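Per-entry structural report
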Amino acid sequence: MQGQLGEKLIPDLIREISDKKGSGLLRVVRGKSIRAIFFEGGIPRFAISNLANEQLEHKLASDGLATVAQIEQAKKLSGKANQLGPALVQMGSLTDDLMRKTVRDQVMGIVMSLFE
């Protein structure tokens, strides 16, 4: 599928992707906000957003799981934005299980924000 949503509601579109066991990217743009959900076999596997309050580092800090200093140190250690979690685990700031749960919660938050 590709194109404009038009009259289709996002929950209906997500249900359709799930029913058809679709794989790929659903990108939703509203004004300046961009959110994307990556589907594999109809299941949302990952989501990203360009909104600061939906970024992993914001969630880690606001949930009290990592300090700003730890996040900055992990960014320097990893050198890549998508490696923040593994760097924090490597530093011993978080366990792998807690990081995975936090990322799942972040992804769910992004997905749920599409229903607003």
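One can find Thr102 in helix H5 (residues 96–113). Using a relative accessible area of 4% as the deciding quantity, one classes Thr102 as buried. A distance of 2.8 Å separates a polar side-chain atom of Thr102 from the backbone oxygen of Leu98. When neighbours within four sequence positions are excluded, Thr102 is seen to be in contact with Leu56, Lys59, Leu60 and Leu65.

This brings us to the sheet that holds strand S2 (residues 33–40). Strand order in the open sheet formed by 3 strands is S1-S2-S3, and the pairing between neighbours is antiparallel. Sheet topology places strand S1 (24–30) and strand S3 (43–49) at the edges, where each strand pairs with a single neighbour. Pairs of neighbouring strands in the sheet enclose a mean axial angle of 20°, with direction left out of account. Sheet topology note: the S2/S3 ladder contains 6 bridges and is antiparallel.

As enumerated under the stated definition, the model contains 9 salt bridges in all. When the shortest N-O distance is used, the salt bridge between Lys20 and Glu16 registers 3.3 Å. Classification of Lys20 by relative accessible area gives exposed; the value is 57%. Between Glu40 and Arg45 there is a salt bridge; the shortest N-O distance is 3.8 Å. Among the ionic contacts, a cluster of salt bridges with common partners joins Glu57, Glu72 and Lys75.

There is a patch of nonpolar side chains on the surface, built from Leu25, Phe38, Phe46 and Ile48 and spanning about 350 Å² of accessible area. By the secondary structure assignment, Leu25 is in strand S1.

A separate point is the pairing of S2. Every regular strand shows the same layout, with side chains that alternate between the two sheet faces. Bridge analysis of S1 against S2 gives 7 bridges, and the strand direction is antiparallel. Within S2, the residue paired with Leu25 across the bridge is Phe38. Where S1 folds back on S2, the antiparallel hairpin that results is connected by 2 residues, among which Gly31 adopts a positive phi of roughly 60°. Counted along the chain from S2 to the antiparallel partner S3, the turn is 2 residues long, and its residue Gly41 has a positive phi close to 60°.

Reading the values: rules and limits
- Residues numbered from 1 in each chain as written.
- Predicted model: local features only at pLDDT ≥ 70, side-chain atom pairs only at ≥ 80, totals over all residues.
- Heavy atoms only, no water.
- Helix = DSSP H or I, 4+ residues; strand = E, 2+ residues; numbered from the N terminus.
- Buried < 20%, exposed > 50% of the residue type's maximum accessible area, 1.4 Å probe, protein only.
- Polar contact = N/O pair within 3.5 Å; in protein donor to acceptor, adjacent residues only side chain to side chain.
- Contact = heavy atoms within 4.5 Å.
- Pairing = 2+ DSSP bridges.
- Axes fitted to C-alpha atoms, helices over the stretch in contact; angles between N-to-C directions.
- Salt bridge = Lys/Arg side-chain N within 4 Å of Asp/Glu carboxyl O.
- Patch = residues over 30% accessible without salt bridge, like charges linked within 9 Å, V, L, I, M, F, W, Y side chains within 5 Å.
- Areas by Shrake-Rupley, 256 points an atom, 1.4 Å probe, with all protein chains shown as cover.

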